Each structure stands twice: as structure tokens, then as C-alpha cells.
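Below are the chains, spelled out letter by letter.
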Amino acid sequence: MYNPKKTVASILLISIILFSGCIEDTDTEIIDNLDNTSSGIEQDNFSLDSMVMVENLPSGYEYLGSPPINDYNEFSEQIIESKEGAYRDEDNFDVFLDIIELDSDSSATEFILNYKSQYEQLSTGDRFTNVNFNGHTGTRIKTYTYRAGNQLPKYQIIWNNGNIVFIVRSNSNLESSAMNLAIATGY
């Protein structure tokens, strides 16, 4: 039986694997990665607890705490640890920063593909859009929700830095709510 969702996911996975070898910039990885670890994140000060507490928050944002994290095991069996930071943006909407450590860079890439595969294509417009920030390319995910009888967009930003996956989810209908926190992570 033909399943278009699985076919699209398979084609996307194969394309990323084929193209990843063509676009890898190892010089940049070495320059950005002073301690020569695989993730580019300084291992001496590495802790997911400290990473979920963003130091330089955007104006109007506040850190609320670290609630129990969503279960992401359905997207990968290679998760080592995960943490969530809860924030409130300048418009008083909740924004969440989820950080997931996996056992390898390839597991992080696979996690992102599996995470994105839970979403179907939008009937109009693009659900996934590439965004560039902090020296990385991430993906903006657009979903829709109903609020007061109106259909409004909600945004997530997902990317990885080596074996660490970052997901910023906002309850705001403004893309900037998620994007501002994603940029503020510095990763």
C-alpha cells in the first residue's frame, strides 16, 4: 500500500545523507571547535542544566524554571539526556527551550528527521523553512492552532550543534518569539 508520508520522509532522509557529504565545511568546524570535541560545545563547562538557562535573554524575556521535559524517546533510542527551560516572552507567551543530548552527530541528524516526519505538509504554504543563525542552519516549523475562533500560526525552531539537538517552541503567533530565544542560546 502506497504511503506518501513515508515516501516523502524516505526521500528527504536519502537526500540529506547524500548532500551532507557535499556541503560539510570541516575548516569551519575546526575553527569553531577550539577544544576539538565532536559537538563544538566546550566540554569543561558542559551541562544541559546550564544550557537551558540562557544567559543573555532577549529584552522582555524571563526564565521561569525547568519543568519535566516532554518524552522524546519516540524520535530516537540514542538519547543520553534531555532538559527543558521554560521562558515567558515580551508579549507574555510561554516559550520552551528543549535540549536533547544524543550519542553522536548522526543520531542528532536522525532525531531531527524523525521529529519533522510527525508533521504533514500544509495545504498551502511551507511547513518547513530553513533559517540561518549563530553559524547554523536550522528549520522553522509552522503549525496552526485555533485561538478565539481564529486560526493562528505557531512556530518552532529545531537545529543541532554536533550531538546536541535544540528545539524552541513558542505559544505566540509571532515567529520572532521562538527565533529570538533560539538566537539567544548562542548555539
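Residues numbered from 1 in each chain as written. Predicted model: local features only at pLDDT ≥ 70, side-chain atom pairs only at ≥ 80, totals over all residues. Heavy atoms only, no water.

Novice: I'd like a rundown of the environment of Y87, residues and numbers included.
Specialist: In this fold, Y87 is placed in strand β2 (residues 79–88). A C-alpha to C-alpha distance of 9.9 Å links Y87 and V52, two positions 35 residues apart in sequence. The contacts of Y87, once residues within four sequence positions are left out, are V52, M53, V54, L57, E62, Y63, L64, F93, D94, V95, L97 and L181. (Helix = DSSP H or I, 4+ residues; strand = E, 2+ residues; numbered from the N terminus. Contact = heavy atoms within 4.5 Å.)

Novice: Would you mind going over the sheet that holds strand β5 (residues 136–147) in detail, with residue names and values included?
Specialist: The sheet built from seven strands is open, its strands ordered β1-β2-β3-β7-β6-β5-β4 with antiparallel pairing. One side of each edge strand has no neighbouring strand; the edge strands of this open sheet are β1 (62–65) and β4 (128–133). The sheet shows a mean angle of 30 degrees between the axes of neighbouring strands, direction not considered. Relative to strand β7 (residues 164–170), strand β3 (residues 94–102) is paired through seven bridges, and the arrangement is antiparallel. Paired with I100 across the bridge in β7 is V165. Lying on the sheet, helix α4 (residues 105–116) is in contact with β2, β3, β4, β5, β6 (150–161) and β7; it crosses β6 at an angle near 165 degrees. (Pairing = 2+ DSSP bridges. Axes fitted to C-alpha atoms, helices over the stretch in contact; angles between N-to-C directions.)

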